[in-house]
Amino acid sequence: MSDLTPPPATATFRSTPREIVAALDKHIVGQADAKRAVAIALRNRYRWRQLDESVRQEITPKNIIMMGPTGVGKTEITRRLAALTGAPFIKVEATKYTEVGYYGRDVESMIRDLVEAAITLVRDKKREEVRDKAEERVEDRILDLLLPAQPASWSPDVKAEDTENRHSRNRQKFREMLRKGQLEEREVELKVEQKGSSMPMFSNVGMEQMEMDVQNMFEKFMPKKTQQRKVPISEARKILLDQESEALLDKDAIQDEAIRLAQDSGIVFIDEIDKICGPQEGSKSADVSRQGVQRDLLPIVEGTTVQTKYGSVKTEYMLFIAAGAFHRSRPSDLMPELQGRFPIRVELIDLTRDDFVRILTEPKTSLTEQYKQLLAIDGVTIEFTQDGIEALADIAFHVNQSTQNIGARRLHTILERLLEDISFSAPADDLMTLTVDGKYVRHQLQEIAHDEDLSKFIL
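Residues numbered from 1 in each chain as written. Predicted model: local features only at pLDDT ≥ 70, side-chain atom pairs only at ≥ 80, totals over all residues. Heavy atoms only, no water.

**Comments concerning the overall build of the protein**
Secondary structure assignment for the protein yields 20 helices and 11 strands. Within the span of the protein, comprising 459 residues, buried residues form 43% of the whole. In the protein, of all internal contacts separated by at least 6 residues, the share reaching a separation of at least 24 is 78%. For the protein, the accessible surface area stands at approximately 26,200 Å², while carbon and sulfur atoms represent 49% of it. (Helix = DSSP H or I, 4+ residues; strand = E, 2+ residues; numbered from the N terminus. Buried < 20%, exposed > 50% of the residue type's maximum accessible area, 1.4 Å probe, protein only. Contact = heavy atoms within 4.5 Å. Areas by Shrake-Rupley, 256 points an atom, 1.4 Å probe, with all protein chains shown as cover.)

**Some remarks on the packing of helix H2 (residues 32–49) against helix H4 (residues 74–85)**
Where H2 meets H4, the closest approach of the two axes is 11 Å, and the angle between their N-to-C directions is 30 degrees. With respect to the hand of their crossing, H2 and H4 are arranged in right-handed fashion. From H2, Ala-34, Lys-35, Val-38 and Leu-42 reach across to H4, where they touch Ile-77, Leu-81 and Thr-85. Grouping the amino acids of the contact of H2 with H4 by side-chain chemistry returns 5 nonpolar, 1 polar and 1 charged. (Axes fitted to C-alpha atoms, helices over the stretch in contact; angles between N-to-C directions. Left-handed = near helix turned anticlockwise from the far one by under 90°. Nonpolar A, V, L, I, M, F, W, Y, C, P; charged D, E, K, R; others polar.)

**Remarks on the pairing of strand E5 (residues 267–271)**
Here E5 lies mainly inside the structure; 5 of its 5 residues are buried. Where burial is concerned, the two faces of E5 agree: the one with Ile-267, Phe-269 and Asp-271 and the one with Val-268 and Ile-270 are both buried. Alignment of strand E2 (residues 89–93) against E5, held across 5 bridges, turns out to be parallel. Bridged to Glu-93 within E5 is Asp-271. In this sheet, strand E8 (residues 319–324) lies alongside E5 in parallel orientation, the contact comprising 4 bridges. Within E8, the position partnered with Val-268 by the bridge is Phe-320. (Pairing = 2+ DSSP bridges.)

**So, the packing of helix H1 (residues 17–25) against H2**
One can describe the packing of H1 onto H2 by two numbers: an axis separation of 9 Å at closest approach and a directional angle of 135 degrees. The angle between H1 and H2 places the two elements in the oblique class. At the point where H1 passes H2, the crossing takes the right-handed sense. Between H1, through Pro-17, Ile-20, Val-21, Leu-24 and Asp-25, and H2, the contact on the second element is made entirely by Lys-35, Arg-36, Val-38, Ala-39, Leu-42, Arg-43 and Arg-47. Considered class by class, the residues forming the contact of H1 with H2 number 7 nonpolar, no polar and 5 charged. (Parallel < 35°, antiparallel > 145°, perpendicular 65-115°, else oblique.)

**Some remarks on the environment of Val-268**
Within the secondary structure, Val-268 is located in strand E5. Through-space distance from the C-alpha of Val-268 to that of Met-318 is 7.5 Å; in sequence the pair is 50 residues apart. Ignoring sequence-local partners within four residues, the contact set of Val-268 consists of Ile-90, Val-92, Met-110, Leu-114, Leu-319, Phe-320 and Ile-321.

**Focus on the pattern of salt bridges**
In this structure the tally under the stated criterion is 32 salt bridges. Residue Glu-93 is joined to Lys-91 by a salt bridge in which the shortest nitrogen-to-oxygen separation is 2.5 Å. Given the relative accessible area of 26%, Glu-93 is considered partly exposed. In this structure Lys-91 comes out as partly exposed when scored by relative accessible area, which is 36%. In this structure, Glu-362 engages Arg-358 in a salt bridge whose closest nitrogen and oxygen atoms are separated by 3.0 Å. On the accessibility criterion, Glu-362 (46% relative accessible area) is partly exposed. What makes Arg-358 partly exposed here is its relative accessible area of 33%. A network of salt bridges, in which partner residues are shared, links Arg-123, Arg-127, Asp-242, Glu-246 and Lys-251. (Salt bridge = Lys/Arg side-chain N within 4 Å of Asp/Glu carboxyl O.)

**Considering the nonpolar core**
Counting residues in each nonpolar core, the largest one holds 59 residues, and the members touching the most others are Leu-392, Leu-418, Leu-419 and Val-436. Among the elements that make up this core, the one with the highest residue count is helix H15 (residues 386–402) (7 residues). The contact partners of Val-436, leaving out residues within four places of it in the chain, are Ile-382, Glu-383, Phe-384, Thr-385, Gly-388, Leu-418, Leu-419 and Val-441. Residues Ile-90, Val-115, Ile-300 and Phe-320 belong to the second largest nonpolar core, which totals 42 residues. (Core = buried A, V, L, I, M, F, W, Y, C linked by side-chain atoms within 4.5 Å.)

**Considerations on the packing of aromatic side chains**
According to the stated counting rule, one finds 1 aromatic pair in the structure shown. Here the aromatic rings of Trp-48 and Tyr-317 are separated by 4.8 Å at their centres, their planes lie at 35 degrees, and the arrangement is tilted. Here the residue Trp-48 occupies a position in helix H2, and Tyr-317 occupies one in the loop between strand E7 (311–314) and E8, the gap between them amounting to 269 residues. Residues Trp-48 and Tyr-317 agree in their burial class; the two are buried. (Phe/Tyr/Trp six-rings, centres within 6.5 Å; stacked < 30°, edge-to-face > 60°.)

**Focus on the sheet that holds strand E9 (residues 344–347)**
Across the sheet, which stays open at both edges, the 5 strands sit in the order E2-E5-E8-E1-E9 with parallel pairing between neighbours. Strands at the two margins of the open sheet, each flanked by one partner only, are E2 and E9. Neighbour-to-neighbour, the strand axes of the sheet open up by a mean angle of 20 degrees, direction not taken into account.

**What about helix H11 (residues 290–302)?**
Between its first and last C-alpha, H11 extends 18 Å over 13 residues, near the 18 Å set by a 1.5 Å rise per residue. All of the buried residues in H11 are Gln-291, Gly-292, Val-293, Gln-294, Leu-297, Leu-298, Ile-300 and Val-301. As for H11, its buried residues are in contact with helix H5 (109–129), E5, strand E6 (305–308), E8 and helix H12 (336–340). A positive phi of about 130 degrees marks Gly-303, the residue just after H11. (Expected span 1.5 Å × (residues − 1).)

Geometric values such as these leave the question of function open.
This is the structure in structure tokens:
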């Protein structure tokens, strides 16, 4: 089975559901049902693109609700899925939105954020396409800074042709030195545009678009501020590459492509959706906005047109994935209309002790591997034995069961406490080697493992 790598932003993802699940398995342990659901949803995107336009208009993505406690992989599954496809992706918290009329952000802002993510993806792809041409122009600009054109000589003894030939030879010598990296530390002076910070002009809900329009208007009419900076060529190369790449980009084409990409491939992950399961209409509650947020969210998920500073964006074919712990509520507590827009429901299960062992060892960038590489910078060599990893999994599982269950996030706090002393001591004069076995783990974490009251404070 082929290894999945992120394709270009506009590429069609042709991998089968089995290949998608295999790619997710490299980073996420367990949760087979959730992986299957998102893999099928992603493959359906490819199938949808192959249909005739007349049929395509009748089919919309099947949105997903993930139910499960914190730290079991809901966000990670969606984030990795977006990375595999090269699709624009945003993660939003449902609790930060309010219905129109209350102080806070309106739900349409999540679509504007998604378009910004699409703009970034497309711009990065276009920058790579023009990179070679931009680097040639950067080299010429650096040579102009190092060797400005000489004015015509007033001396009758010096011919203009000789002056031009001499300047051309010197320029070629500098070009060769530049390509060999012999001039990287030499300083040059260039103009750099100053980016001013934007001040919020409106603070009420529904005014975000007006604020962006006003800011864009000021940017067009106000002259750009620049300053002269003296920087080494190594830094000037980066500054000039940004300038030349931007000059070669077609901003209108980028915006058009980004809007299409957001509309056809955008993924919106709405976390904490269980927190807006408000009371039924007519009941009294301090959280007066919860039901209103659901009402405002409904047309976004159902399909509407949102105005952004780049143009109108349709949401009919975006994929929405909602997630929540649903400790004190159920998906059935959502508005019936909103429930119907999330037909696929997946329950993620609590992580077991064996899952913790796999999380610590199987992923390519597992937690143990991360700490090995971090401390290796300071000359510390760490070796995790099998019984040491099992002891870590035992303690993490025990603490999750006896206190608040925060899933795999518990491993982060356990490992931080375990390696706190060695992290503080490094770097040392001599190379340090640490073997993390079961005895060492139990000695370092014995208070946490046996004192339930103390274990509350490891977060």
